[in-house]
Amino acid sequence: MLRTFKTLAIAGTMTLVLAACGSGGESTDASGAAGASGAADGLKGTGTGAECTIATPIPVGAALSLTGAAASYGESQKKGLELAAEALAKNDKIKYDLKIEDDQTDPRQGITLFEALTKDKSVIIGPTLSNTAFQAQPVAQEKKVPVLAISNTAAGITEQGDYIFRDSLTEGQVIPQTVAKATEAYGLKKVVVMYSNDDAFTESGFKVFEAALKDEGVEIAQTLTFSKADTDFRPLLTEAKASQPDALVVSGLIEAAIPLVTQARELGLDMPIIGGNGFNNPKLMSDGGEAAEGVVVGAAWNSASEGELNTAFLKDFEAKFGAQPDQFAAQAYTGLMVIDAAVKANCSGEREDIKSGLGQIKDLDTVLGTFSINADRDAEHDAVVQVVKDGAFTVLN
């Protein structure tokens, strides 16, 4: 059964529609537009670039983890999309009909959502986790519906087909920079690596960490594995402590990161803890407290990043939600802006034209910085290495 959490009809003003489950399992859509072909009348526009005008709202679907283990990431993404939707609503020449659905952090539900969204959407955003993406994306590829992944950093995401793009930097792009910077800053010689071995994203992160540490000449004293559902890491951490490492290197989701970091500090492991992309979450500081101090994380975005767009994004996000955004919100916000740029490239909301437009994204000014999509349909922009200091992510110098 599909449950529609929110439909945002973006016009000169924002219309918010909440829809409940239907007994037949179908979700409602404010546009009521595109049919099975995903090509409603009026999706071809006139003019070019900023002068592009399209008569019919462009149907965009988003599959996010709003409940389940990855809900904290999905909620941030939802807020980022909502804010981007409001910004784009100020342009009365192009309108977007954005529907946000919950994949429940379940690959099976992700497949179900993608099957539904491919029926009437011009482009799909998400899903939140790489595990779900690997299962659901083939549905969109088969139906020739472009997908923009906004948080999937595992290797192989875009290799699933030529309709799959992403605006999230891969672990392969971020982790080597993180390891190199941490090795320089802390003089790392020997580390213990820990990772969740039942999740595609964290396994991919582990492999990149392993290769990056080798490249930097850092010895891996031990490699310890855990389940993404684990909450008691004391036995593993006690084993890690016996190796007397210069740092712990961990590839895990935020639900594991918080107790792992907290318990490490309780056991006297006061060395740097280097985390993968799953650590990029304000909950690390809010729930981990002082234990999070000294945690190093590579990122695609930092609130201290310069640029007018990022400054405005921070201000608008706090005004709307009463809190600062995280990387997942920034990538989601950028995702809808990238789709808008792709639409304007060919002045069309048709699937094939959006796919073509995404392939043309180059040196686009975004909150993530100067942004391009390369020939492999992966994002390209500068990464940043962060360390938790005084309860906040700051740039590691």
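Details of the structure are given in the entry above.
Now for a look at the structure at hand. Residue indices follow the written sequence of each chain, beginning from 1 at its first position. Reporting in this predicted model follows two pLDDT cut-offs: at least 70 for local features of residues, and 80 or more for side-chain atom pairs to be given and counted; totals over whole chains, interfaces and linings ignore these cut-offs and use all residues. As a convention, hydrogens and water are excluded, and side-chain values are obtained from all of the structure's heavy atoms.

## Here we look at the overall build of the chain
Helix numbering and strand numbering both begin at the N terminus, where a helix is a DSSP run of H or I of at least 4 residues and a strand a DSSP run of E of at least 2. Scanning the chain from terminus to terminus reveals 11 helices and 17 strands. When checking whether two residues touch, look at their non-hydrogen atoms; a contact exists if any pair is within 4.5 Å. Within the chain, contacts between residues separated by at least 24 positions form 69% of all contacts whose residues are at least 6 apart in sequence. Total accessible area on the chain stands at roughly 15,300 Å², and carbon and sulfur atoms take up 48% of it. Using the Shrake-Rupley algorithm and a 1.4 Å probe, accessible areas are obtained, with residue cover drawn only from the displayed protein chains.

## Some thoughts on the sheet that holds strand β17 (residues 392-395)
When DSSP finds two or more bridges between two strands, those strands count as paired. Judged by pairing direction, the sheet is mixed, and its seven strands sit side by side in the order β9-β8-β10-β11-β12-β16-β17 without closing on themselves. A strand with exactly one partner marks an edge of an open sheet, and here the two such strands are β9 (219-226) and β17. Taken over all neighbouring pairs, the strand axes of this sheet differ in orientation by 25° on average, direction set aside. Here seven bridges tie strand β8 (residues 190-196) to β9, and the two strands are oriented parallel to one another. Bridged to K190 within β9 is E219. Lines fitted to C-alpha atoms define the axes here, with helix axes fitted over just the stretch in contact, and angles between the N-to-C directions of these axes take values from 0 to 180 degrees. Along the sheet, helix α4 (residues 171-186) contacts β11 (273-275), β12 (295-299) and β16 (384-389); its crossing angle with β12, the most-contacted strand, is approximately 145°.

## Side note on the sheet that holds strand β14 (residues 369-373)
On the basis of which strands lie adjacent, the open sheet formed by three strands has the order β13-β14-β15 and antiparallel pairing. Either end of the sheet is taken by a strand with one partner, and the two such strands are β13 (364-366) and β15 (379-380).

## Things to note about helix α10 (residues 327-346)
In this analysis, the expected span of each helix is defined as 1.5 Å times one less than the number of residues it contains. Helix length check: α10 (20 residues) gives 29 Å between terminal C-alpha atoms against 28 Å at 1.5 Å per residue, within 8%. Each residue's exposure class comes from its accessible area (1.4 Å probe, protein chains only) as a fraction of the maximum for that residue type: buried when under 20%, exposed when over 50%, partly exposed otherwise. Counting buried positions over the 20 residues of α10 gives 16, a clear majority of the element. Immediately downstream of α10, the backbone of C347 shows phi near 45°, a positive value.

## Quick notes on the side chain of T158
As for its position among the elements, T158 is in the loop between β6 (147-149) and β7 (164-166). Apart from residues no more than four positions distant in its own chain, T158 is found in contact with I164, F165, R166, D376, R377 and D378.

## A short note on the state of the cysteines
Working definition: a disulfide is two cysteine sulfur atoms within 2.5 Å of each other. One pass over the structure, following the stated rule, counts one disulfide. Between the sulfur atoms of C52 and its disulfide partner C347 the distance amounts to 2.2 Å. Classification of the bridge connecting C52 and C347 rests on its S-S torsion, roughly 95°, and on that basis the disulfide is right-handed. Taken as a pair, C52 in the loop between β2 (14-17) and β3 (58-64) and C347 in the loop between α10 and α11 (351-358) lie far apart in primary sequence, 295 residues in all. The same class applies to C52 as to C347, namely buried.

## Looking at unusual backbone geometry
The step from G126 to P127 runs through a cis peptide bond, and the omega angle for that step is 0°. Within the secondary structure, P127 sits in the loop between β5 (123-125) and α3 (130-143). The phi torsion at Q104 lies on the positive side, around 60°, for a residue other than glycine. Mapping Q104 onto the fold places it in the loop between β4 (96-102) and α2 (107-120). You will see that C347, though not glycine, has its phi angle at about 45°, which is positive. The class of C347 is buried, set by a relative accessible area of 4%.

## Concerning the packing of helix α1 (residues 71-88) against α10
Across the interface, α1 lies against α10 with an axial gap of 7 Å and an inter-helix angle of 40°. The angle between α1 and α10 falls in the class oblique. Both α1 and α10 take part in a crossing whose hand is right-handed. Listed contacts from α10 to Y73, S76, Q77, G80, L81, L83, A84, A85, A87 and L88 of α1 are F328, A329, A332, Y333, L336, M337 and D340. Asp, Glu, Lys and Arg are counted as charged, while Ala, Val, Leu, Ile, Met, Phe, Trp, Tyr, Cys and Pro are counted as nonpolar; the rest, among them Gly, fall into the polar class. Here the contact of α1 with α10 is composed, by residue class, of 13 nonpolar, three polar and one charged. The scheme is simple: roughly parallel for angles under 35 degrees, roughly antiparallel for over 145, roughly perpendicular for 65 to 115, oblique for anything else. In a left-handed crossing the near helix is turned counterclockwise from the far helix by less than a right angle, and in a right-handed crossing that turn is clockwise.

## Brief notes about the environment of V60
Counting through the fold element by element, V60 comes out in strand β3. The spatial distance from the C-alpha of V60 to the C-alpha of L336 is 9.1 Å, given a sequence separation of 276 residues. Apart from residues no more than four positions distant in its own chain, V60 is found in contact with Y96, D97, L98, K99, K121, V123, I125 and L336.

## Digging into the nonpolar core
Buried Ala, Val, Leu, Ile, Met, Phe, Trp, Tyr and Cys residues that are joined via side-chain atoms within 4.5 Å together make up what is termed a nonpolar core. Within the largest apolar cluster, 48 residues are counted, with the highest numbers of intra-cluster contacts made by I58, L81, F313 and L336. Broken down by secondary-structure element, the contributors of at least two residues to this core are β3, α1, β4, β5, α9 (308-321), α10, α11 and β14. Looking at this core, the element that brings in the most residues is α10, giving 10 residues. Non-local contacts of I58, meaning those with residues more than four positions away in its chain, are made with L43, I94, K95, Y96, D97, S122, V343, G349 and I354. Of all hydrophobic cores here, the second largest spans 35 residues; its members include L224, L236, A256 and V297.

Just distances and angles here, no functional claims.
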